[in-house]
Amino acid sequence: MKKINIVCIILFTFISIIFINPSDSRSADGDSLFTGIQVHNINIIFSQPNYWDSLIYYYNQGLEQYMSATVIANGQTFNNVGVRLKGNSSFTAPNNKKSFRLSFNEFVSGQKWNGLKGVHLNNFWNDPSFIREKLHLDYCQNAGIAAPRCNYTRLYINDTLFAFYSLVEHVNSNFLTSRFGTNEGDYFKAVDGIGTSSDLFSDFKWYGSDTSEYVNRYELKSDYQPGTWQKLVNFIDTINHSSNTAAAYSAGINLTNYYKAMAVDNLMGNMDAYVFSGRNFYAYYPPPEYKMEWIVWDVSLSIGALPGGPSNIETLPVTFVQSDTGRPLLSKIMNDPVLKNNYLYAYCNIFLNDFNTAKLFPRIDSIANIIRPYVYEDQRKMFTNAQFETNIVSDIIVSGSRKPGLKSFISQRKSSVQSQLNSLGVNCEVGIQEENATVNSFELLQNYPNPFNPSTVIEYNIYKSTDVTIKIYDNLGKEIYTLISNLYRNPGTYTLKWNGTDNAGRSVPSGLYFYKLESDNNSVTKKMILLK
């Protein structure tokens, strides 16, 4: 038997999926709005003569009060749609180009646009490229990270072209069901304390056992149930005070998804997030395990566009955290050898396959080519047409503030991350390729789930009767476990389950593994990742 020679460690093959649950292949709500790169048309018809003054007044009240308006979306008319202004820093955009929130069912129960109860219209504040939000959220979708989908829209108000916006999916009960299969369980949104007098952050710090210390630090979005706040406090207590951090995190958090979300924020230089600003996320605790699921939110200032963020965003450390004490949910991972190692493996995978100029540059060009005429016609935008064109490629300086160029950032960031991971002992360069998954007599399929914990299923097809051997190897080519050995199989489809143990019955650590099918002097090898 040939030894499998491995010269690198990677986590798992980057699988492009739309939802966290890949088993559901049905068309989902909002698919026709968010598939590909599209520019939609939305016309908001206000009957109130002083509607703008009212929108501003309600925004300043801070109660998220909606006004009723007729909305014509891609030619479809919706009556009595809830409309309000939104945003924090983005509310200061020039030329009254405010961001909007549309709630189709606010006044008409069950009213939806393409199956969606509501959408957000974001104004590209501080993004000369108009692309950051779309690029980041598409990257999340491809990585299987729970995040809203994004596209574009022209906005008309009372039949007059107003401005160009991003169109972003709303996080609500429908979103939870589509990503996690249920909307039962508590979910919280991070509060937006920056620029307000409250100075409160959803930081997961311990503020004592009194639940009243937390009700203003997290916004409960699900219906209140007895014990809701106490469960959150218990979770925060555990992650801050457990004597076994790795065990506490594994029991209380879906770490596979959390690692990926944190890695993409870091990789894409998105500092207006938990890691730095302590905001722009949802935390969901679905049954039956009630492990925390992380949901990405508001990435419009990705790729170093956050004012006051780290200055050298291209060389940001891959283990960066704003402070150990200020962001304990992430800093404890960086300070625990096991958790840090698993995070770096996840980072390696997120980085390896898709963060490169060959894939991202054409994607950026495709987006730019489609949105260019709409950017140019937007008379309320924050930046000029020349700044739009330049920032796609390189940095611009506006009022002393640097806006990293999309393409220059990607080139420099890739080089920096590769060097950092290598220095940390995580080599993301592929040293071998998987063998062809199909030969004349059999086919080996990708295991599922992948990554997995604690077990995974391996499926294979036999096309002519033969003896079959399937074994598991670690990343150094050492045999770990024999699933079957010279077992005679007739034509058909077969499945095997591996529970993450070696031949002695001991649990194996997180990492990259290979499973190899041998028969009739032919072999097929595929990769899988165990992530505890």
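Residues numbered from 1 in each chain as written. Predicted model: local features only at pLDDT ≥ 70, side-chain atom pairs only at ≥ 80, totals over all residues. Heavy atoms only, no water.

### Some remarks on the pattern of salt bridges
Step number 1: Evaluation of the coordinates by the stated rule reveals 21 salt bridges.
Step number 2: The closest approach of N and O atoms between K231 and D186, which form a salt bridge, is 3.4 Å. Pair noted here: K231 is in helix α5 (residues 228-241) and D186 is in strand β8 (residues 186-190), with a separation of 45 residues, a long-range link.
Step number 3: Since its relative accessible area comes to 44%, K231 is described here as partly exposed.
Step number 4: A residue is classified by how much of its surface remains accessible, and D186, at 9% relative accessible area, is buried.
Step number 5: Residues E479 and K471 are paired through a salt bridge, measuring 3.3 Å at the closest nitrogen-oxygen approach.
Step number 6: When its relative accessible area of 31% is taken as the criterion, E479 is described as partly exposed. (Salt bridge = Lys/Arg side-chain N within 4 Å of Asp/Glu carboxyl O. Helix = DSSP H or I, 4+ residues; strand = E, 2+ residues; numbered from the N terminus. Buried < 20%, exposed > 50% of the residue type's maximum accessible area, 1.4 Å probe, protein only.)

### As for unusual backbone geometry
Step number 1: With omega at -5°, the peptide bond leading from Y448 into P449 counts as cis.
Step number 2: For P449, the location among the structural elements is in the loop between β14 (442-444) and β15 (456-462).
Step number 3: The backbone phi angle of N114 is positive, close to 55°, even though this residue is not glycine.
Step number 4: Position of N114 among the secondary structure elements: in the loop between β4 (99-103) and β5 (118-122).

### Topic: the sheet that holds β14
Step number 1: An order of β14-β15-β18 is seen for the 3 strands of this open sheet, with the pairing classed as antiparallel. The open sheet terminates on both sides in strands that have one partner only, identified here as β14 and β18 (492-498). Within this sheet the neighbouring strands show an average axis-to-axis angle of 20°, counted without direction.
Step number 2: Pairing geometry for β14 and β15, over 3 bridges, is antiparallel. Directly across from F442, in β15, lies its bridge partner I462. (Pairing = 2+ DSSP bridges. Axes fitted to C-alpha atoms, helices over the stretch in contact; angles between N-to-C directions.)

### So, the nonpolar core
Step number 1: Of all hydrophobic cores here, the largest spans 99 residues; its most connected members are I131, F204, Y258, M292, W294, L329 and I371.
Step number 2: A per-element tally of this core places helix α9 (residues 337-352) first, with 9 residues.
Step number 3: Contact partners of M292, with chain neighbours within four places excluded, come to F204, F235, G252, I253, N254, Y258, A283, Y284, Y285 and L329.
Step number 4: Residues Y51, W52, A69 and F100 belong to the second largest nonpolar core, which totals 30 residues. (Core = buried A, V, L, I, M, F, W, Y, C linked by side-chain atoms within 4.5 Å. Contact = heavy atoms within 4.5 Å.)

### Considering helix α10 (residues 357-377)
Step number 1: Taking 1.5 Å per residue, 21 residues should reach 30 Å; α10 reaches 29 Å between its end C-alpha atoms and fits that length.
Step number 2: The axis of α10 is deflected most strongly, by about 50°, at I371, and proline P373 appears within four residues downstream.
Step number 3: In this structure, the buried side of α10 is in contact with β1 (39-45), α3 (132-142), β6 (150-157), β7 (160-169), α11 (385-393) and α12 (406-423).
Step number 4: Where α10 begins, one side-chain oxygen reaches toward the backbone nitrogen of A358, 3.2 Å away; that side chain belongs to N356. (Expected span 1.5 Å × (residues − 1). Bend = angle between axes of the 7 residues up to and from the residue. Polar contact = N/O pair within 3.5 Å; in protein donor to acceptor, adjacent residues only side chain to side chain.)

### Details of the pairing of β4
Step number 1: Most of β4 sits out of view: 5 of its 5 residues are buried.
Step number 2: With burial as the criterion, each face of β4 is covered, one bearing S99, R101 and S103 and the other bearing F100 and L102.
Step number 3: Both β4 and β5 contribute to a ladder of 4 bridges, which runs antiparallel. The residue of β5 that forms the bridge with R101 is H120.

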